[in-house]
Amino acid sequence: MLLLKAIYNAKIVTASGVLEKHAVVYEDKIIDIVPEARLAAYAPAEKMDAGGHYLAPGFIDLHIHGCAGADTMDEEEDALAVMSKALPATGVTAFLPTTMTMPFVSVAAALSRIRASMGSGQGAKILGCHLEGPFISAEYRGAQDARHILKPSYRKIADFADVIKIVTIAPELPASLSFIRQAAKANIVVAIGHSAAGYEELLAAIEAGASHITHTFNALAVPNHRQPGILGAVTDSLATCELIADNIHVHPAMQRLLVKLAGGERLVLITDAMRAALMPDGNYDLGGQQVRVANGTARLESGVIAGSVLTLNRAVANFWQTSGLPLHEVLAMATRNPARKLGLERERGSIAPGLAADMVVFDNDITPIETVIKGKTVYRRLL
């Protein structure tokens, strides 16, 4: 039997702004948002005083390789569970474990593990997989291992169409347009990333069905006034754009430019985090390559940036400061926008009646105080 609960004395972040002197009534789903004076009529069995802090939808990370010492590619059966359990402390209530370019047998094994874990666990919900690689450019591979890059082949991933929610591809590769059409037809979001493609190739990919840009600006050909590349493609399309807002991957001025080009409704904040997120500085690995983490930056031995140690609550905080946008607009980039990208906006991503009771209470620094998933408190900060 479900228990009626309520959160009150909160600044509730909605799609249109911040609502005060109201309460959220919920079970496993949100029942209602009511003025606090009317809360007694619901007679909730449990009431939480938010202490005047913010209450927002739970964050959704569409691109995360690992955290808390675990990685999507780990063969250990509990790796995904470790990630799921750790992420609510950062406000994340749902995520896409993200693969790396490794031998395809390892990628297929990771996809099988993700399939078995979808919808399960005590923490953040696994919504499926973001397949980043192996269909990428060797020139713009970033921290991906060039030895395991493959030519695009939809047949290789067809058996995992139920698991793969996003697939990253370099559209200049042979047979890429056919791959994009087939993946899009299977309701897989096709993302452009790790690519040397120019403006015309990018628009051709978008016309074929690609609709998303993987970590915009990073591991993409550098644009200029004669070769507008990704900037031109963003300007002349409706593609959504991932952004790693750690102020390391992308300069704040370029982040503001991206907002002006794409508009806030097309931005999705991600972490691209690797296993060192939520861990101390030191030596780690990513996709079979050694990574050194120091002062908040992860790099391969060559000096190439290797993912991040960013958390999504810090991404929100950083971008709120960088962009100067209202908080509710920035939060949409970590909640409503990613939900809409996956076609899940009627299930999650907003505080509204009928949607999942996935919520996070956080302070003025966007540090989570309490995280609720399916109506149950799964994280509470010790004060």
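That bond from Gly-133 to Pro-134 is cis: its omega, 15°, falls within 30 degrees of zero. Looking at the element boundaries, Pro-134 is found in the loop between β11 (129–132) and α3 (154–157). Its identity as a non-glycine residue notwithstanding, Ile-366 has a phi of 60°, on the positive side. Note on placement: Ile-366 falls in the loop between β20 (359–362) and β21 (368–373).

This part covers the pairing of strand β22 (residues 376–380). Alignment of β21 against β22, held across four bridges, turns out to be antiparallel. Within the sheet, the bridge partner assigned to Val-372 lies in β22 and is Thr-377. Between the antiparallel neighbours β21 and β22 lie two residues, among them Lys-374 with a positive phi of about 50°.

Let us look at the environment of Tyr-284. With respect to the helices and strands, Tyr-284 occurs in strand β17 (residues 282–286). The class for Tyr-284 is buried, based on a relative accessible area of 13%. If we skip the residues at most four places from it in the chain, Tyr-284 touches Met-274, Arg-275, Ala-276, Met-279, Gln-289, Gln-290, Val-291 and Val-293. Polar contacts involving the side chain of Tyr-284 include one to the main-chain carbonyl oxygen of Pro-280, which spans 2.5 Å.

Moving on to the side chain of Asn-313. Looking at the secondary structure, you find Asn-313 in helix α8 (residues 312–323). With a relative accessible area of 5%, Asn-313 lands in the buried category. Side-chain polar atoms of Asn-313 contact the side chain of Thr-311, separated by 2.7 Å. For Asn-313, the contacting residues outside a window of four places in its chain are Phe-59, Thr-90, Ile-366, Thr-367 and Pro-368.

This brings us to the state of the cysteines. Evaluation of the coordinates by the stated rule reveals zero disulfides. Cysteine Cys-129 is unpaired, with the sulfur of Cys-67 as its nearest cysteine sulfur at 15 Å. A relative accessible area of 0% places Cys-129 in the buried class.

Another point: the packing of helix α4 (residues 176–185) against helix α5 (residues 199–208). For the pair α4 and α5, the least separation of the axes is 8 Å and the interaxial angle reads 30°. Between α4 and α5, the interaxial angle falls into the category roughly parallel. Seen from above, α4 lies across α5 with right-handed handedness. Touching Leu-177, Ile-180 and Arg-181 of α4 are Ala-204, Ala-205 and Ala-208, all from α5. Here the residues of the contact of α4 with α5 are counted per class, giving five nonpolar, no polar and one charged.

Time to look at the nonpolar core. Ranked by size, the top nonpolar core spans 104 residues in total, and within it Phe-59, Leu-269, Phe-319 and Phe-362 carry the most contacts. The dominant element in this core, judged by the number of residues it contributes, is helix α2 (residues 104–117), at six residues.

On the surface, a cluster of negative charge is made up of Glu-75, Glu-76, Glu-77 and Asp-78. In this structure, Glu-77 sits in the loop between β8 (70–71) and α1 (79–86). Looking at Glu-77, the relative accessible area reads 68%, which means it is exposed.

α8 packs onto helix α7 (residues 252–262) with a crossing angle of 80° between their chain directions and a minimal axis gap of 9 Å. Between α7 and α8, the crossing angle belongs to the class labelled roughly perpendicular. In this structure, α7 contributes Pro-252, Gln-255, Arg-256 and Val-259 to the contact, and α8 contributes Phe-319, Thr-322 and Ser-323. The residue inventory of the contact of α7 with α8, partitioned by class, reads three nonpolar, three polar and one charged.

With that out of the way, let us pick up the pattern of salt bridges. Counted by the stated rule, this structure contains seven salt bridges. Here Arg-147 makes a salt bridge to Asp-145, at a shortest N to O gap of 2.7 Å. The exposure class of Asp-145 is buried, given its relative accessible area of 7%. Close ionic contact of Arg-381 with Asp-363 constitutes a salt bridge, the shortest N to O distance being 3.4 Å. Taken together, the residues span a long stretch of sequence, with Arg-381 in the segment after β22 and Asp-363 in the loop between β20 and β21 at a distance of 18 residues. The exposure class of Arg-381 is partly exposed, given its relative accessible area of 23%.

A word on the sheet that holds strand β15 (residues 240–244). The sheet built from six strands is open, its strands ordered β11-β12-β13-β14-β15-β16 with parallel pairing. The sheet is open, and its two borders are formed by β11 and β16 (267–270), each paired with just one other strand. Bridge count for strand β12 (residues 164–169) against strand β13 (residues 189–192) is four bridges, and the pairing is parallel. Within β13, the position partnered with Thr-168 by the bridge is Ala-191. Across the sheet, α7 touches β15 and β16, and the angle it forms with β15 is around 165°.

Thresholds applied
Residues numbered from 1 in each chain as written. Predicted model: local features only at pLDDT ≥ 70, side-chain atom pairs only at ≥ 80, totals over all residues. Heavy atoms only, no water. Helix = DSSP H or I, 4+ residues; strand = E, 2+ residues; numbered from the N terminus. Pairing = 2+ DSSP bridges. Buried < 20%, exposed > 50% of the residue type's maximum accessible area, 1.4 Å probe, protein only. Contact = heavy atoms within 4.5 Å. Polar contact = N/O pair within 3.5 Å; in protein donor to acceptor, adjacent residues only side chain to side chain. Disulfide = S-S within 2.5 Å. Axes fitted to C-alpha atoms, helices over the stretch in contact; angles between N-to-C directions. Parallel < 35°, antiparallel > 145°, perpendicular 65-115°, else oblique. Left-handed = near helix turned anticlockwise from the far one by under 90°. Nonpolar A, V, L, I, M, F, W, Y, C, P; charged D, E, K, R; others polar. Core = buried A, V, L, I, M, F, W, Y, C linked by side-chain atoms within 4.5 Å. Patch = residues over 30% accessible without salt bridge, like charges linked within 9 Å, V, L, I, M, F, W, Y side chains within 5 Å. Areas by Shrake-Rupley, 256 points an atom, 1.4 Å probe, with all protein chains shown as cover. Salt bridge = Lys/Arg side-chain N within 4 Å of Asp/Glu carboxyl O. Lys, Arg positive; Asp, Glu negative; His and termini not counted. Charge placed at Lys NZ, Arg CZ, Asp CG, Glu CD.

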